Each structure stands twice: as C-alpha cells, then as structure tokens.
Amino acid sequence: MKLILATLRNNEDNLNWQLSALKLLPLLDKIIAVGTKETSMDKAKAVVRHIELINRDNVLWVGDTEVDILAARALDVKVCAVGCGLRTLEYLATLKPDFLALDLCSINQI
C-alpha cells in the first residue's frame, strides 16, 4: 500500500516542515502540492500524473474539503470525508462522500 498526500498548499517548505514536525513525513510515499489557485480537477490531474490507478476499487481518497470529494469523483475512486479539517462533518455529508469519518483515527472503523 502506498500513502500519497495531495494538498492545495502553496509553500512546500512549510508543508515539509509541518509534516516533519508531526512525524508524518516518513509515512508518506509521495507528496503532491498543487497550490491554492488550483481546482478539484487540477488536483485530480496532479494525482493521476504521479500514481498509476491500476485497480480503482483499491483506492480510497481521504480528504477534508469539497475539492477532495470532487477530485475523487473525477478519478472514479471511493472517497472518505473527514471532519477534522477545514469543513464540518455536517457540511461534508451534504456532498455525499462514500464514507464519513470524524477524524483520521476513525477511518479504520468504516
């Protein structure tokens, strides 16, 4: 299994610092920062350029915004919305993701 982080962050140095400080950097196989001016389609395209989606049934996109849900839909992969980020779980539920999780730790329970 590969763990890929796709984010709309602009400053890759700050992103790498934050991931390192949180001790998440060693867990990630790839980091894709596309910038905040991009759309969900741009985010999806950036991910497709970096990974090979051989069996989309084995892919789970985890995200905390509508951009993540739309990007996952564009790639035709399942998506789990988490309520520990920028948007509330209630709002994300209105976008009808495949799964909803309170936080990242709750993903194992879905």
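The rules behind the values
- Residue positions are given per chain, counting from 1 as you read along its sequence in written order.
- A pLDDT threshold of at least 70 governs which residues receive local features in this predicted model, and a stricter bar of 80 or more applies before side-chain atom pairs are shown or counted, although totals over entire chains, interfaces and linings include all residues.
- To get the side-chain values, all heavy atoms of the structure are used, and hydrogens and water are removed first.
- When DSSP finds at least two bridges between two strands, those strands are taken to pair.
- The secondary structure listing takes helices from DSSP runs of H or I that are at least 4 residues long and strands from runs of E that are at least 2 residues long, numbered from the N terminus.
- Lines fitted to C-alpha atoms define the axes, with helix axes restricted to the stretch in contact, and inter-axis angles between N-to-C directions lie between 0 and 180 degrees.
- Residue contacts are counted whenever heavy atoms from the two residues lie within 4.5 Å of one another.
- Any carboxyl oxygen of Asp or Glu within 4 Å of a side-chain nitrogen of Lys or Arg constitutes a salt bridge here.
- In this scheme, a residue with accessible area under 20% of its type's maximum is buried, one over 50% is exposed, and one in between is partly exposed, where area comes from a 1.4 Å probe on protein chains only.
- The nonpolar core is taken to be a set of buried Ala, Val, Leu, Ile, Met, Phe, Trp, Tyr and Cys residues, with the residues joined through side-chain atoms within 4.5 Å.
- In protein, a polar contact means a hydrogen-donor-capable atom and an acceptor-capable atom, both N or O and within 3.5 Å, with residues adjacent in sequence counting only if both atoms are side-chain atoms; elsewhere, any N or O pair within 3.5 Å suffices.

Engineer: I would appreciate a short explanation of the sheet that holds strand 5 (residues 99-101) in the present structure.
Structural biologist: Strands pair in a sheet through their backbones, by hydrogen bonds, and they do so in one of two ways: parallel or antiparallel. Strand order in the open sheet formed by 3 strands is 3-4-5, with parallel pairing between adjacent strands. Edge positions in the sheet fall to strand 3 (60-63) and strand 5, since each has one partner strand and no second. Taking the axes of each pair of neighbouring strands and ignoring which way they run, one obtains an average angle of 25° across the sheet. Where strand 4 (residues 78-82) and strand 5 come together, 3 bridges link them in parallel fashion. Looking at strand 5, one finds that Val82 is bridged to Ala101. Relative to strand 4, helix 3 (residues 66-75) is tilted by about 175°, and along the sheet it contacts strand 3 and strand 4.

Engineer: Hey, could you run me through the pattern of salt bridges in this one?
Structural biologist: Side-chain pairing between opposite charges can occur once the charged atoms of the two side chains come close. Within this structure, the stated rule accounts for 3 salt bridges. Lys43 serves as the salt-bridge partner of Asp68, at 2.6 Å between the closest nitrogen and oxygen. Here Asp68 is found in helix 3, whereas its partner Lys43 is found in helix 2 (residues 40-50), with 25 residues between them in sequence. Comparing Asp68 with Lys43 shows no difference in burial state: the two are buried. Between Glu66 and Arg87 there is a salt bridge whose closest N-O contact spans 2.8 Å. On the criterion of sequence distance, the pair formed by Glu66 in helix 3 and Arg87 in the loop between strand 4 and helix 4 (89-93) is long-range, its members being 21 residues apart.

Engineer: What is the right way to read the nonpolar core from this model?
Structural biologist: Nonpolar side chains in soluble globular proteins tend to be buried together. Ranked by size, the top nonpolar core spans 14 residues in total, and within it Val47, Trp61 and Leu75 carry the most contacts. Those elements that provide at least two residues to this core are helix 2, helix 3 and strand 4. Examining the composition of this core, we find that 4 residues originate from one element, helix 3, more than from any other. Non-local contacts of Trp61, meaning those with residues more than four positions away in its chain, are made with Lys43, Val47, Asp68, Ala71, Ala72, Leu75, Val77, Lys78, Val79 and Cys80.

Engineer: I'm lost on helix 1 (residues 12-21) in this one. Help?
Structural biologist: Residues separated by three or four positions in an α-helix point in the same direction, a consequence of the helix having 3.6 residues per turn. Backbone nitrogen of Asp13 and a side-chain oxygen of the N-cap are separated by 3.1 Å at the start of helix 1; the cap is Asn11. In the segment just after helix 1, Lys23 is the residue with positive phi, at about 60°.

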